[in-house]
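A structural walkthrough
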Amino acid sequence: MFSNLRKFGVNHKKIPILHINNMCCSKIKSSLKRLKPYVPLGRNYSSLPGLVGNDIKSLHSVISPPIAKIRNIGIMAHIDAGKTTTTERILYYSGYTRSLGDVDDGDTVTDFMAQERERGITIQSAAVTFDWKGYRVNLIDTPGHVDFTLEVERCLRVLDGAVAVFDASAGVEAQTLTVWRQADKHKIPRICFLNKMDKTGASFKYAVESIREKLKAKPLLLQLPLGEGKAFKGVVDVVSKEKLLWNRKSEDGKNFERKPLLEMSDAELLKETTEARNALIEQVADLDDEFADLVLGEFSENFDLLPAEKLQTAIHRVTLAQTAVPVLCGSALKNKGVQPLLDAITMYLPSPEERNYEFLQWYKGDLCALAFKVLHDKQRGPLVFVRIYSGMIKPQSAIYNINGNCTERISRLLLPFADQHIEIPSLTAGNIALTVGLKHTATGDTIVSSKSSALAAARRAEREGEKKPRQNNEAERLLLAGVEIPEPVFFCTIEPPSVARQPDLDYALKCLQREDPSLKVKLDPDSGQTVLCGMGELHIEIIHDRIKREYGLETYLGPLQVAYRETILNAVHATDTLDRTLGDKRHLVTVELEVKPVETSSVTPVIKYAAGVSEDLLKVSQEAIENGIHSACLQGPLLGSPVQDVAITLQSLIIRPGTSTTMISACVSRCLQQALKKADKQVLEPLMNLEVTVTRDYLSPVLADLAQRRGTIQEIQTRQENKIVIGFVPLAEIMVGKSAFFLFNTGVFMLKKVDSQGFSRMHGKSELRSLDHLHSPQRLSEVCHTELAPASMAVFSPSEHFLKCRVQGVPLKHTHTIQLPALHGILVSHSS
């Protein structure tokens, strides 16, 4: 059984075979000695999970530890908050690596792509498995850039807990809001780590207050910093009233001193810590009734007598209930505070069995897993990451894909270690695995053991839905739970070096699309060119670079275009008849429909059917009708951009017997196009939220520049010596082609793009300036000339990307953004 345990790597640089000296485990030892580790760039990896020094655990515990000892967590944050550096320190202190990697040197474990090492950023999420004090931790390092926010979305979908990393000098930043709301959507318990406490301008109080004010969360202060900025030397454990000091001369921060606070030597610090502990106890007691009874009963007179274990257990319950978030601090780059963070991960974040997944009851212990990520390997083909919720996965076993309605076979089962993989004989519930051999499985697919198992689970869900009618739809959704794919906001053409290489380009794009569902590829019907649609400039640039490096194709990109949208302003009716004779068969369809704008944002058209439409006709033609509607909405009458925020009601449908569904779709599509042409139309342009940090002296020039770009200022805040300008600007005004953004000879500025605010109605002059291809006065007159209206920033939803900015001030929804280049005297931070 154990002879199948092998280790794979992407690169072919070997490190010495593991030497195991424990003679009492000869069978396991001989199996593990046959491992052939391959690692990139000569990194030294000390051991497999479960192997600490010369001690060998049972191979079963190495592969499938007890579910109560498993932690599936993700690291999420704004760009440059220190996610990858924190991950690197965690791997080093857990014994997974023997040397500290650095983002600037390009030798970190989780940033293994060439593009990541060159740019010093995380582009795709990477999974690493390690052990810490008897716990198995499956950790996923996620990207920070908003262009790759789908990576965060699909990882949070399968995680049980998360660590939110903050820059202590900036507090809650642009993308922090986005990832926090993504975690809220998936109900992920999380803890906060205030990183960069050694940075000039770091403020523990400000960072905590920003968590309270901007994230509307209740922070539980489990630590206090010993100094800030260059004076930072350690932390105080509020729960145990101890101080943790790191030696300044220590190069790796492995060794630190844990000393109890004494009245003699630390009187002021002890007083401050005692007050913080009492406040923490009161805060937790307000949130947890069981702990409140304990405190009021036994320890009401003296909180100092309350055992730390009781307080830690209560904090664990509060964290799982998501009524508050534990807050810790440190400096990952200076190797301080990471070990207590690891302890907090195992102590406060939940195990898989502590998460309540209602759909598991329907499977009764059978296999249920979710595919959340796909990678392409040239030798082994598609590698699919799966989270196992129940049951067990084994190699050479057949599985059934509910979404794809197909049966596939898993040829190999691997444990992920960034760009390394360990082949294993089986894996149980609660773990994250990497499978080889699934050629049709895509992101968001639900995997079960067989079709009969899926049908049995569906029947159980249906019976449960009959008992609880309100939860029936929810049950169906959970049974086929997937990942919401955001709509792209940029597009450009891509061409191969020659016509002969077009099939190679098509294959490369097909593989990349499967890896990255946010990348859309379509064929322009007029020019026949291939069009790339992505989440931003950086996203498309990375795709272009990967095609060159991984597939050997020198492709050419056309100019980057903004993805505009169209909508209508009034309700219209249209009727159309299609009468065709093909061969000896006559096809006759008559359609009458009504199109009207909707108040709430809807990327896809809302389809309704009038009471007079025959149900018998709908049974055979509903799919064809909806296909025709969706086809017509792909290209609007003004720019050929997708149409949104419309509701279509089918008033009448007459079909001659024998008419094909293709003719029905064609008639519905043509009728809808006629209706859209008759309506008053409007172009929608995307808006970008901006947060600009600027010194007081340059506030006026920045405001003037934003005004020239049709920007709207919502708020100006003060942070220490700087001013924070918050507002939004049309995306077309801040593209690379407009690179004179905030050009000044002196001064330093920080520009942070939050995310897309939504869509605004374009003014005629704005259209003339932004849309070069709208030259016709007749077409311009069809566009509504409404001034830009301010809108709320309070509501974000990754599933609704395109929303026009209404005069009434309806809250706008979340979309994605672009990367801005670094310019003269400007420090540009791209939100993630």
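All figures in this text were calculated on a predicted structure; none of them were measured in a lab.

Some thoughts on the overall build of the protein chain
Helix and strand content of the protein chain: 20 helices and 40 strands. A buried classification covers 57% of the 832 residues belonging to the protein chain. Taking all contacts inside the protein chain whose residues are at least 6 apart in sequence as the whole, residues at least 24 apart take part in 74%. Surface accessibility of the protein chain: about 35000 Å² in total, with carbon and sulfur atoms responsible for 51%.

A closer look at the sheet that holds strand β13 (residues 256-260)
Pairing is antiparallel across the open sheet formed by four strands, whose spatial order is β10-β11-β12-β13. Strand pairing shows two members of the sheet lacking a second neighbour, β10 (223-226) and β13, which therefore form its edges. Strand-to-strand, the axes of this sheet are offset by a mean angle of 25°, without reference to chain direction. Seen against the sheet, helix α8 (residues 267-287) touches β10 and β11 (234-237) and runs at an angle of roughly 155° to β10.

A few points about the nonpolar core
Among soluble globular proteins, nonpolar side chains are generally buried collectively. Ranked by size, the top nonpolar core spans 131 residues in total, and within it Val 163 and Phe 291 carry the most contacts. Residues within four places of Phe 291 in sequence aside, it is in contact with Ile 281, Val 284, Ala 285, Leu 306, Lys 310, Leu 311, Ala 314 and Arg 317.

Quick look at the sheet that holds strand β32 (residues 585-597)
With respect to topology, four strands assemble into an open sheet ordered β31-β32-β34-β33, the strand pairing being mixed. Strands with a single pairing partner mark the edges of an open sheet, and in this sheet they are β31 (572-582) and β33 (606-609). The sheet shows a mean angle of 25° between the axes of neighbouring strands, taken without regard to direction. In this sheet, β32 lies alongside β31 in antiparallel orientation, the contact comprising eleven bridges. Considered in β32, the bridge of Thr 577 is made with Thr 590. Its contacts with the sheet place helix α16 (residues 615-633) against β33 and β34 (646-655), and it is angled at close to 135° to β34.

Some words on the environment of Asp 506
Here Asp 506 is to be found in helix α14 (residues 502-515). In this structure Asp 506 comes out as partly exposed when scored by relative accessible area, which is 38%. Between the C-alpha atom of Asp 506 and that of Val 521, which follows or precedes it by 15 residues, the distance is 9.4 Å.

Here we look at the pairing of β34
Of all ten residues in β34, seven are buried; the element is thus mostly enclosed. Both β32 and β34 contribute to a ladder of nine bridges, which runs antiparallel. Along β34, the bridge assignment pairs Leu 593 with Leu 650. When β33 meets β34, the two strands line up parallel, connected through four bridges.

A word on helix α5 (residues 149-156)
Side chains that are three or four residues apart share a direction in an α-helix, a result of its 3.6 residues per turn. Burial of α5 is extensive: eight of the eight residues sit out of reach of the surface. Regarding α5, the residues found buried are Thr 149, Leu 150, Glu 151, Val 152, Glu 153, Arg 154, Cys 155 and Leu 156.

Topic: the side chain of Thr 567
By secondary structure assignment, the location of Thr 567 is in strand β30 (residues 565-568). Within polar-contact distance, the side chain of Thr 567 engages the backbone oxygen of Gln 644 at 3.0 Å.

Let's talk about the packing of α5 against helix α6 (residues 174-185)
Where α5 contacts α6, the axes come no closer than 9 Å and their chain directions differ by 25°. Comparing their axes, α6 and α5 come out roughly parallel. Of the two elements, α5 crosses α6, and the hand of that crossing is right-handed. Residues Thr 149, Val 152, Glu 153 and Leu 156 of α5 form the contact with α6, whose participating residues are Gln 175, Thr 178, Val 179, Gln 182, Ala 183 and Lys 185. Grouping the amino acids of the contact of α5 with α6 by side-chain chemistry returns four nonpolar, four polar and two charged.

As for the pattern of salt bridges
One side chain can pair with another of opposite charge once the charged atoms of both are near each other. Within this structure, the stated rule accounts for 24 salt bridges. Its salt-bridge partner being Lys 548, residue Glu 554 comes within 3.6 Å of it at the nearest N-O pair. Residue class for Glu 554 comes out partly exposed when judged on its relative accessible area of 43%. Taken together, the shared-partner salt bridges in this structure form one network comprising Asp 237, Glu 242 and Arg 258.

So, the side chain of His 539
Among the structural elements, His 539 can be located in helix α15 (residues 537-551). A distance of 2.6 Å separates a polar atom in the side chain of His 539 from a polar atom in the side chain of Asp 516. Side-chain polar atoms of His 539 contact the backbone nitrogen of Met 535, separated by 2.9 Å. Beyond its immediate stretch of four places on either side in the chain, His 539 contacts Asp 147, Phe 148, Asp 516, Ser 518, Leu 519 and Gly 534.

Some thoughts on the packing of aromatic side chains
A complete count under the given rule lists five aromatic pairs for this structure. Taken together, a centroid distance of 6.5 Å and an interplanar angle of 55° make the contact between Phe 166 and Trp 180 tilted. You can see Phe 166 sitting in strand β7 (residues 161-167) and its partner Trp 180 sitting in helix α6, a full 14 residues away along the chain. Classification of Trp 180 as buried rests on a relative accessible area of 5%. Over the ring of Tyr 135 we find Lys 69, and its NZ or CZ is 4.4 Å from the ring centre.

Digging into helix α10 (residues 308-321)
For α10, built from 14 residues, the straight-helix expectation of 20 Å at 1.5 Å per residue is met to within 8% by its first-to-last C-alpha distance of 20 Å. Every buried residue belonging to α10 is among Ala 308, Leu 311, Ala 314, Ile 315, His 316, Val 318 and Thr 319, and all of these are buried. Taken from the residues just after α10, Gln 322 is the one with a positive phi, measuring 60°.

Some words on the confidence of the model for the protein chain
For the protein chain, per-residue confidence averages 75 on the pLDDT scale, and 76% of positions sit at 70 or higher. At the low end of the mean pLDDT range in the protein chain sits helix α20 (residues 777-781), at 28; at the high end sits strand β14 (residues 325-329), at 95. Of the regions scoring below 50 in pLDDT, residues 1-61 engages in 124 contacts with residues more than four places distant in sequence or in other chains. Low pLDDT (under 50) marks residues 469-480, which in the prediction has 16 contacts with non-local residues, meaning those over four places away or in another chain.

Remarks on the environment of Ala 675
Of note, Ala 675 is situated in helix α17 (residues 661-678). The exposure class of Ala 675 is buried, given its relative accessible area of 0%.

Some remarks on unusual backbone geometry
Within the chain, Lys 133 stands out as a residue other than glycine whose phi angle is a positive 50°. Locating Lys 133 in the fold gives a position in the loop between β5 (126-132) and β6 (135-141). Residue classification places Lys 133 among the exposed positions, given a relative accessible area of 60%.

Conventions we followed
- Residues numbered from 1 in each chain as written.
- Predicted model: local features only at pLDDT ≥ 70, side-chain atom pairs only at ≥ 80, totals over all residues.
- Heavy atoms only, no water.
- Helix = DSSP H or I, 4+ residues; strand = E, 2+ residues; numbered from the N terminus.
- Buried < 20%, exposed > 50% of the residue type's maximum accessible area, 1.4 Å probe, protein only.
- Contact = heavy atoms within 4.5 Å.
- Areas by Shrake-Rupley, 256 points an atom, 1.4 Å probe, with all protein chains shown as cover.
- Pairing = 2+ DSSP bridges.
- Axes fitted to C-alpha atoms, helices over the stretch in contact; angles between N-to-C directions.
- Core = buried A, V, L, I, M, F, W, Y, C linked by side-chain atoms within 4.5 Å.
- Polar contact = N/O pair within 3.5 Å; in protein donor to acceptor, adjacent residues only side chain to side chain.
- Parallel < 35°, antiparallel > 145°, perpendicular 65-115°, else oblique.
- Left-handed = near helix turned anticlockwise from the far one by under 90°.
- Nonpolar A, V, L, I, M, F, W, Y, C, P; charged D, E, K, R; others polar.
- Salt bridge = Lys/Arg side-chain N within 4 Å of Asp/Glu carboxyl O.
- Phe/Tyr/Trp six-rings, centres within 6.5 Å; stacked < 30°, edge-to-face > 60°.
- Lys NZ or Arg CZ within 6 Å of the ring centre and 35° of its normal.
- Expected span 1.5 Å × (residues − 1).
- pLDDT = per-residue confidence, 0-100.

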